[in-house]
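If you want the building blocks of each chain, they are given just below.
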Amino acid sequence: MRLNSMKAIVLEKTGGLDVLAVTQVPTPQPGANEVLIRIHCVGVNYADILSRQGLYNWANKIPYILGLESSGTVAAIGSNVRKFEVGDRVVVGSKNGNYAEFIVQPEDGVLPAPETLDFPELACLCGNWMTAWIALFELARMRSGEIALIQSGAGGVGTAAIQLAVSLGMRVYATSSTPGKMEYIRSLGATPLSYEEFDGVLATHPPDFILESVGGEVHRRSLNLLAPLGRLVTIGASSIRVNQLNPFSWYNAWRNLPKVSSKDLNSQAYMTLHVGFLLEDHRERIVPIWTRMVEYMTEHGLKPIVQPAFIYPMSEVRTAHQVIETRKNIGKVILDPSR
Ligand SMILES: NC(=O)c1ccc[n+]([C@@H]2O[C@H](COP(=O)([O-])OP(=O)(O)OC[C@H]3O[C@@H](n4cnc5c(N)ncnc54)[C@H](OP(=O)(O)O)[C@@H]3O)[C@@H](O)[C@H]2O)c1
């Protein structure tokens, strides 16, 4: 049964954890070419933390419903919809609107869910797995036997990238901040390294591929380490902190944002990736990539890492954000809007 109103987390103002609260809003209704989806799991992304803090320049203007990705079932379809039926399991990656019980998407904005994955696993595919897949396979065109360095290997994107690189037969190294996370990285088949030691250890066998998401000093040292003919894909800058009231922190943030000039590179490739931009504005390019990725995951028996301890009821959204902000999560953090 569909209701006239639904639970959602609307970002009315940016700031700390206290700006997050569950409210009731009208349930959206699908137009002729649209699909209404009942959301079962919401994928929480690092970008959601930045959006909440007002530091994500790709985010919508407030107010809007937070959230970039989810998994669920089709609850209703518009009169022109041909690709989906009520009850189909689907995945959504969109600019906002996923911290909710329902979301409406254009038919072409909905992705069919592979049968082999459950709803928490499906809610990792757009933000984490598409990012790792595009970086490794579509941009850097990695090959078996090459050396990979994944920065922040224990997180959502990191665990996806390690699994993909290991399955391809690469020699994989990954950084992290705690012994527990390093142990987890080892269990996925990669060699864990600390942020302090990675370039020292790898100086004699530099990486052909680096997935960089930390920024600042780690970004600079990663670039210096890259092998000739190596490819570095930059996807974020998790180390950057800004105190809105302190102009010096803005200056520091600007200084630590990943930057590169041609003189920093010699016979190497430096690439950027923003999966949200591709999902939102270049859907026609995403669909074949999605198909290739899902086929590969199925063929290699790969599944996203979602630990039950990191699945929270929507009412505990503040804890979910805090866990990511304080670097506690291993794998993905999920919200369950039914609770
Ligand atoms: N460009 C894109 O399309 C795209 C898409 C998805 C994600 N991303 C980026 O990829 C990165 C990972 O995203 P995610 O959603 O998977 O998050 P996550 O990895 O689950 O969480 C972020 C991790 O960053 C690491 N980190 C390193 N230095 C940090 C610092 N100074 N402060 C806080 N954390 C720090 C922490 O792991 P350790 O404790 O192990 O260091 C933390 O757990 C983020 O930078 C995100 O913005 C980009």
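Since the structure is predicted, the reported quantities are computational estimates derived from the model, not experimental observations.

## Comments concerning the overall build of the chain
- Across its full length, the chain carries 11 helices and 16 strands.
- A compact globule built from 339 residues should have a C-alpha radius of gyration of about 20 Å, and the chain, at 20 Å, falls within 12% of that.
- Expressed as lengths along the three principal axes of its C-alpha atoms, the size of the chain is roughly 60 × 50 × 35 Å.
- Here the chain holds 339 residues, and the buried ones make up 54% of them.
- Counting contacts in the chain only where the partners sit at least 6 residues apart, residues at least 24 apart contribute 70% of the total.
- Total accessible area on the chain is roughly 15000 Å²; 54% of this is exposed by carbon and sulfur atoms.
- When the 31 positive and 31 negative side-chain charges of the chain are each reduced to one mean point, those points stand 4 Å apart.

## Remarks on empty space enclosed by the protein
- This model, assessed by the stated rule, comprises 2 cavities of 30 Å³ or more.
- As a volume, the largest cavity reaches approximately 60 Å³.
- Along the walls of the largest cavity sit Asp-48, Ser-51, Tyr-56, Trp-58, Ala-59, Asn-60, Tyr-64, Leu-66, Gly-67, Leu-68 and Lys-95, which together make up its complete lining.
- Tallied by class, residues from the lining of the largest cavity come to 6 nonpolar, 3 polar and 2 charged.
- Considering only enclosed or pocket space, the second largest cavity measures out at about 30 Å³ in volume.
- Contributing to the lining of the second largest cavity are Tyr-46, Ile-49, Leu-50, Gln-53, Arg-241 and Glu-325.
- Per element, the largest residue contribution to the lining of the second largest cavity is 4 residues, and it comes from helix 1 (residues 46-53).
- The class makeup of the residues in the lining of the second largest cavity is 3 nonpolar, 1 polar and 2 charged.

## Overview of the site of the ligand
- Around the ligand, a shell composed of 26 residues is seen, among which Ser-176, Ser-177, Lys-181, Tyr-195 and Leu-273 lie nearest.
- Contact distances for the ligand include 2.7 Å between an oxygen atom and a backbone N or O atom of Val-275.
- Arg-327 places a side-chain nitrogen or oxygen 2.9 Å from an oxygen atom of the ligand.
- Compared with its free state, where it exposes 900 Å², the ligand has 92% of that area covered by protein.
- Looking at the shell around the ligand, the elements that each hand over two or more residues are helix 3 (125-139) and helix 4 (156-167).

## Re the environment of Pro-308
- Position of Pro-308 among the secondary structure elements: in the loop between helix 10 (283-299) and strand 15 (311-313).
- A relative accessible area of 69% means that Pro-308 is categorised as exposed.
- The sequence separation of Pro-308 and Lys-332 amounts to 24 residues, and the corresponding C-alpha distance is 9.9 Å.

## A word on the nonpolar core
- By size, the foremost hydrophobic cluster in this structure holds 55 residues, and its most contacted members are Trp-129, Leu-136, Ile-150, Leu-164, Met-170, Phe-209 and Trp-290.
- Residue assignment for this core shows that the elements contributing at least two residues are helix 3, strand 9 (147-150), helix 4, strand 10 (171-175), strand 12 (209-212), helix 9 (275-281) and helix 10.
- The element that contributes the greatest number of residues to this core is helix 3, accounting for 10 residues.
- Counting residues domain by domain, this core receives three or more from each of domain 1 (5-124 + 306-336) and domain 2 (127-275).
- Once you skip the residues sitting within four places of it in the chain, Phe-209 turns out to touch Ala-135, Leu-136, Ala-140, Met-142, Ile-147, Ala-148, Leu-149, Ile-150, Met-170, Arg-231 and Val-233.
- One finds Val-35, Val-44, Ala-100 and Val-110 within the second-largest nonpolar core, a separate group that totals 40 residues.

About the thresholds
Residues numbered from 1 in each chain as written. Predicted model: local features only at pLDDT ≥ 70, side-chain atom pairs only at ≥ 80, totals over all residues. Heavy atoms only, no water. Helix = DSSP H or I, 4+ residues; strand = E, 2+ residues; numbered from the N terminus. Rg over C-alpha atoms; globule rule 2.2 N^0.38 Å. Buried < 20%, exposed > 50% of the residue type's maximum accessible area, 1.4 Å probe, protein only. Contact = heavy atoms within 4.5 Å. Areas by Shrake-Rupley, 256 points an atom, 1.4 Å probe, with all protein chains shown as cover. Lys, Arg positive; Asp, Glu negative; His and termini not counted. Charge placed at Lys NZ, Arg CZ, Asp CG, Glu CD. 1 Å grid on protein atoms, 1.4 Å probe; cavity = no way out; pocket = protein on both sides within 12 Å on 5 of 7 lines; lining within 4 Å. Points joined across faces, edges and corners; volume = space filled by probe spheres on them. Nonpolar A, V, L, I, M, F, W, Y, C, P; charged D, E, K, R; others polar. Near = heavy atom within 4 Å. Polar contact = N/O pair within 3.5 Å; in protein donor to acceptor, adjacent residues only side chain to side chain. Core = buried A, V, L, I, M, F, W, Y, C linked by side-chain atoms within 4.5 Å. Domains from an automatic or database assignment.

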